[in-house]
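Now for the letters of each chain:
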Amino acid sequence: MTLSEKILYSHLTEPEEVKPIRGQSYLKLSPDRVAMQDASAQMAILQFMLAGMPTTAVPTSIHCDHLIVGHKGASQDLANSIENNKEIFNFLQSAAEKYGMSFWKPGSGIIHQIVLENYAAPGLLMLGTDSHTPNAGGLGAVAIGVGGADAVDAMANIPWELKDPGVIGVKLTGKLNGWTSPKDVILHLAGKLTVRGGTGHMIEYFGPGIETLSCTGMGTICNMGAEVGATTSLFPFVNSMSSYLHATGRGPVAEAAHQHAHLLRADEGAVYDKVIEIDLSTLEPHINGPFTPDLATPLSKFADVVRKNGWKDEVKVGLIGSCTNSSYEDMDRVTSLAKQAVEKGIKSKAGFFITPGSEQIRATIERDGQTGVLEKVGGVVLANACGPCIGQWTRDDLNDKEENAILTSFNRNFKSRNDGNATTMNFLTSPELVTAMSLSGKLTFNPLTDPLVDASGKEFMLQPPYGDNLPKNGFTPGNLSYAPPDVSQPNPSIQIDVDPKSTRLQVLEPFGPGPEGEFTDLQVMLKIKGKCTTDHISAAGPWLKYKGHLENIAYNTLNGAVNADNDKVNVVINVFTGKEGAIHEVGRDYQKLGKPWIVVTDHNYGEGSAREHAALQMRYLGCPMILARSFARIHQTNLKKQGVLPLTFADPADWEKMHGGDVIESTVGVADLVAGRPGKNDTLDGGEITLIVRRPSGEKYEIKALHTMSKDQIEWFKKGSALNAARG
């Protein structure tokens, strides 16, 4: 077996009930742990409260990292964010104390770095309410990003369901050298696989090259596996994991892993669905973007791409850090470049921001001197939080809608994501290249071939970066008040109050049941074209403050979607009034009229973040079904969890036939689905649903669609949501 299969199958709730078949079986699993970030934790806790349990069934942690806005610097930004989000942080802390969850306070760091430092372990199965949860695969864990309702399953001792994924093997040979970093492995792989290439698969790394990588470098690679749609990514147990476990105070875990090392790697002759080979020795630094993480360009060709596209040859801002690249190794390597700049008397020509991944990293690089060097070249250290990576960034250097380029060591670069400006081009690369190119201020700069100019006007070449994987003097924890106690006991006497007048929090009301038979008279409100990520469906940034209030956050529903019928963003025709309106406005109007509606979407609908609000909002506004060319895994599951039926075109070309204003007069096959009767064309993967559609002209046509609903998922659909089904 592959390592991925060993870990998954060892966590089967009832192993005798199923014979796993890749790509076909639905596995019922018992995860070991749940981790939640503060934005998604709000809705997850509101759902968990409905379960009526005194404590969580598995160890669970809450991490305050998403609600902190980057602007002036760590101290001021943290204080402002705590004040502005006091209601939310108090709610989360009260819930943690009541149910016995570990609460990591604002300032403690980013969820994935905290998990790597404290909770991840070889062989672990963990769920996290963030799409970059696979970061823990750098420590040999199967860590999967999910929506809040999936997390609630594990927290409420309900078997968690996952369709048995395929396994893509990535064989690494050789050794990284020069300017190439672990980030370039996944940037290169994203270019090969595209944003859809990993869907329905786990990515498992193997080969002699893995022995040359640091634990945190492997975490970087696994983190960005989310950008190719993979269920998760992981590495087998190697010595660098042991070193990291010892350095972070978990020596007994390392020793246990050594004793069972044969179980923590793939079996000899393990079969992968596909194998991709990457020679680390010849791998070139990469820059990916703009506007999509799979547009990969080797550094040697990037200047030509800049000139060909007519982009301004300027780096406006460079940002290093985020959950992808904020390890000690990352910071030490970029400091080796900054030292050279300091010695030559120059500073960064671009704005330059540094985000430490955790309080432990912040305190350690301050003690060891990296912070001081980075500040000498003009760097501004932001709070230990997500900040600009997720749109929590107040920019003072930009005119409204000014086209500009930023270079980041982040993992995602969708349009408008970082600063709300649709013309900001975010290019993803390693922290080393971000630093070098920020020093030059030029988008065409290549540190392998191009010189910088020192304070006296003389040219000099940057020497390749270098640094330690782990601090020679060990980590220092920093401010311990941010961390939870070692053991978090539930306190049932804690009262969780939600103010009915709050604009930030709202107690959830269960959704109504699903259809008893076929759907009839479903209005096609909108046909979406092109990329429609969860950022397009439920934007983050300033909207994060409404994550605990479904009614209010629904005002941003699909506000980034492009209407294929008029090429306008967030503009549709209300067929009952003939007037144009925003999608959420028309959705609310249809809902008041008792008119259920659907959207027709393009490929990989719901790509990106794990945010379940993108599903909750659609259901809340009266959308019971979505028809897509294809879905991203997490979002498809989130839709099912909230009682929305996700269908795909049997023939993707049929997307061309449908338009906003069409009406699905009836379905054929939904009645069989809810009654538990097999349809005529059912397979192990699902079944067929026929849609009888009427155009505004009266012309009728049929669309063949496919569902992938399991027995349990059909029950969720019938009851109106997974939580309704669990409550009976």
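This text goes with the structure placed above it.
The model shown is predicted, which means the values in this text are computed figures rather than measured ones.

The 4 strands lie next to each other as β10-β9-β8-β11, forming an open sheet whose pairing is parallel. Edge positions in the sheet fall to β10 (232-234) and β11 (274-279), since each of these pairs with one other strand and no more. Averaged over all pairs of adjacent strands, the angle between their axes in this sheet comes to 20 degrees, without regard to strand direction. Of the strand pairs in this sheet, strand β9 (residues 201-206) and β10 are connected by 3 bridges, and their pairing is parallel. Within β10, the residue paired with Glu204 across the bridge is Leu234. The strands touched by helix α7 (residues 182-193) are β8 (166-173), β9 and β11; relative to β11, the strand with the most contacts, the crossing angle is about 135 degrees.

Take the side chain of Arg611 next. Locating Arg611 in the fold gives a position in the loop between β24 (597-601) and α19 (613-620). A polar contact of 2.8 Å, which involves the side chain of Arg611, links it to the backbone oxygen of Ser538. With residues up to four places along the chain from it excluded, the contact list for Arg611 reads Arg417, Thr534, Asp535, Ser538, Ala539, Ala540, Lys547 and Asn638.

Let us look at the pattern of salt bridges. The full count for this structure, using the stated rule, is 35 salt bridges. Notably, a salt bridge pairs Asp150 with Lys641, separated by 3.0 Å at the nearest N-O pair. In this pair, Asp150 is assigned in helix α6 (residues 148-155) and Lys641 in helix α20 (residues 633-641), connecting sequence segments 491 residues apart. Overall, Asp150 belongs to the buried group, its relative accessible area being 3%. Salt-bridge contacts for Asp672 lead to Arg677; the nearest nitrogen and oxygen are separated by 2.9 Å. Connected via shared salt-bridge partners are Glu5, Arg22 and Asp273.

The general pattern is negative phi for most residues beyond glycine and trans for most peptide bonds. In this chain, Gly289 is followed by Pro290 through a cis amide linkage whose omega measures 5 degrees. With respect to the helices and strands, Pro290 occurs in the loop between β12 (286-288) and β13 (296-298). Its identity is not glycine, yet Ser416 carries a phi of approximately 70 degrees, on the positive side. With respect to the helices and strands, Ser416 occurs in the loop between β17 (404-408) and β18 (424-428).

Cut-off values and rules
- Residues numbered from 1 in each chain as written.
- Predicted model: local features only at pLDDT ≥ 70, side-chain atom pairs only at ≥ 80, totals over all residues.
- Heavy atoms only, no water.
- Pairing = 2+ DSSP bridges.
- Helix = DSSP H or I, 4+ residues; strand = E, 2+ residues; numbered from the N terminus.
- Axes fitted to C-alpha atoms, helices over the stretch in contact; angles between N-to-C directions.
- Contact = heavy atoms within 4.5 Å.
- Polar contact = N/O pair within 3.5 Å; in protein donor to acceptor, adjacent residues only side chain to side chain.
- Salt bridge = Lys/Arg side-chain N within 4 Å of Asp/Glu carboxyl O.
- Buried < 20%, exposed > 50% of the residue type's maximum accessible area, 1.4 Å probe, protein only.

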